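Descriptive analysis of the structure
What follows is each chain in one-letter form.
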Amino acid sequence: MDGLIWRGVGEADLPALTGLAEAALAADGGLPLLTTAPLLRARLLQPRTLGAWHGRDLIAAVSVGADRTPVTATGLVHPAWRGRGIGSRLLDRAEEQAAGADLLLTTETWTAGAEALFTARGYTRTFLEWVLRHDLDAPPDVAAPDGVTVAPATLGPELFGTYRASFADRPGFVEPAADEWLGELRDDEDHRPELSLIARGPDGDAAGFVTVLGDWIDQVGVVPGWRGRRIGAYLVARVLRGLAEAGADAAWLCVNDDNPAAGLYRRLGFADAGRRARYLRR
């Protein structure tokens, strides 16, 4: 394409990648963590990253992780440069690098245009998730369900058992090892143990839980026998108030497109802030 220079993208180009991600998020919404260095490196700074430059400006990039199964690719096109075939060229690059292997496309800034391109090229959407944001100037107040008490969630068997009981009936649930699941929380520097909570019924048995990472509500689960009694709403409202008291301006969470809990979160005051998705071609 006239006026564009295509070349590899490396660590020195991280500021340019950040600017590209910021422009896409401002136009499309999506996962705000995409502008942070760790996620940018994981998604868009691979050994096989190709960028398109217009002068000093990075206007598109695609990375391909060919050492993964399936091969994984992520691409971005600056909003001002869309509609010129650049996205198709990025996809051509990813498919060339995949060399006929299964190819998974990841996007943290979903757009209808990208979905149209992917589906026209034979990809099937395998995952779609809403990113939701809650301004914390007026957190909701939800009364505690009758007989329910809440305490900080200790990283141990009770928390894992509550997680497993809450999600075991979800389609496609794959139970992780307890040490692995608890270890990921323990090792995450953003884990907020003071805001991660477990709810118990009058008999002391766990009824639900919530875990918090930074300003993000990570996971919320309610044991089947306790569903429909405002356990989830109460836990989320407690976290929102806790984040507000700690000085946060906003809280975030992600929820699957077909998860009924999305309605609960919106009723609590969360607003849509974009989508993220995955597409696979075998």
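See the structure above.
Description of the structure in this document. (Residues numbered from 1 in each chain as written. Predicted model: local features only at pLDDT ≥ 70, side-chain atom pairs only at ≥ 80, totals over all residues. Heavy atoms only, no water.)

Side note on the nonpolar core
- Residues Ile217, Ile231, Val236, Tyr265 and Phe270 are the most contacted members of the largest nonpolar core, which totals 34 residues.
- Tallying contributions element by element places helix H7 (residues 231–245) first for this core, with 9 residues.
- Among all residues touching Val236, those that are not within four sequence positions of it are Ile217, Val220, Tyr265, Leu268 and Phe270.
- Ala60, Ala73, Leu105 and Phe118 belong to the second largest nonpolar core, which has 25 residues in total. (Core = buried A, V, L, I, M, F, W, Y, C linked by side-chain atoms within 4.5 Å. Buried < 20%, exposed > 50% of the residue type's maximum accessible area, 1.4 Å probe, protein only. Helix = DSSP H or I, 4+ residues; strand = E, 2+ residues; numbered from the N terminus. Contact = heavy atoms within 4.5 Å.)

What to know about unusual backbone geometry
- The omega torsion of the bond from Thr69 to Pro70 falls at -5 degrees, within 30 degrees of zero and hence cis.
- Relative to the helices and strands, Pro70 resides in the loop between strand E3 (57–65) and strand E4 (71–77).
- Residue Ala99 is not a glycine yet carries a positive backbone phi of 55 degrees.
- In this structure, Ala99 sits in the loop between helix H3 (86–98) and strand E5 (103–107).
- Phi at Arg230 is positive, roughly 70 degrees, even though this residue is not glycine.
- With respect to the helices and strands, the residue Arg230 is situated in the loop between strand E10 (216–222) and H7.

Examining the packing of aromatic side chains
- One pass over the structure, following the stated rule, counts 12 aromatic pairs.
- Considering the side-chain rings of Trp181 and Phe209, the 6.3 Å spacing of their centres and the 80 degrees angle between planes classify their relative orientation as edge-to-face. With Trp181 in helix H6 (residues 178–187) and Phe209 in strand E9 (residues 206–213), this residue pair connects regions lying 28 residues apart in the sequence.
- Following the ring pairs from residue to residue traces out a cluster consisting of Phe160, Tyr163, Phe167, Phe173, Trp181 and Phe209.
- Sitting over the ring of Trp130, Arg266 keeps its end group 5.1 Å from the ring centre. (Phe/Tyr/Trp six-rings, centres within 6.5 Å; stacked < 30°, edge-to-face > 60°. Lys NZ or Arg CZ within 6 Å of the ring centre and 35° of its normal.)

Quick notes on the pattern of salt bridges
- Per the counting criterion, the structure on display carries 21 salt bridges.
- The salt bridge partner of Arg276 is Glu108, with a shortest N-O separation of 2.6 Å. Placement of Arg276 in strand E12 (residues 271–281) and of Glu108 in the loop between E5 and helix H4 (112–120) is noted, with a sequence separation of 168 residues between them.
- On the accessibility criterion, Arg276 (12% relative accessible area) is buried.
- We note a salt bridge from Arg227 to Asp169, for which the minimum N-O separation is 2.8 Å. Of this pair, Arg227 sits in the loop between E10 and H7 while Asp169 sits in the loop between helix H5 (157–167) and H6, placing them 58 residues apart in sequence.
- With a relative accessible area of 33%, Arg227 lands in the partly exposed category. (Salt bridge = Lys/Arg side-chain N within 4 Å of Asp/Glu carboxyl O.)

Here's the deal with the pairing of E10
- Most of E10 is tucked away, with 5 of its 7 residues classed as buried.
- If you look at the hairpin formed by E9 and E10, you'll find 2 residues sitting between the two strands, and Gly214 has a positive phi there, around 60 degrees. (Pairing = 2+ DSSP bridges.)

Digging into the pairing of E12
- As paired elements, E5 and E12 share 5 bridges and run antiparallel to each other. The residue bridging Thr106 from the neighbouring strand is Arg278, located in E12.
- Two strands pair when backbone bridges link them, and strand E6 (residues 124–135) and E12 are joined in this way by 8 bridges, in the antiparallel orientation. Bridge pairing in E12 links Glu129 to Arg276.

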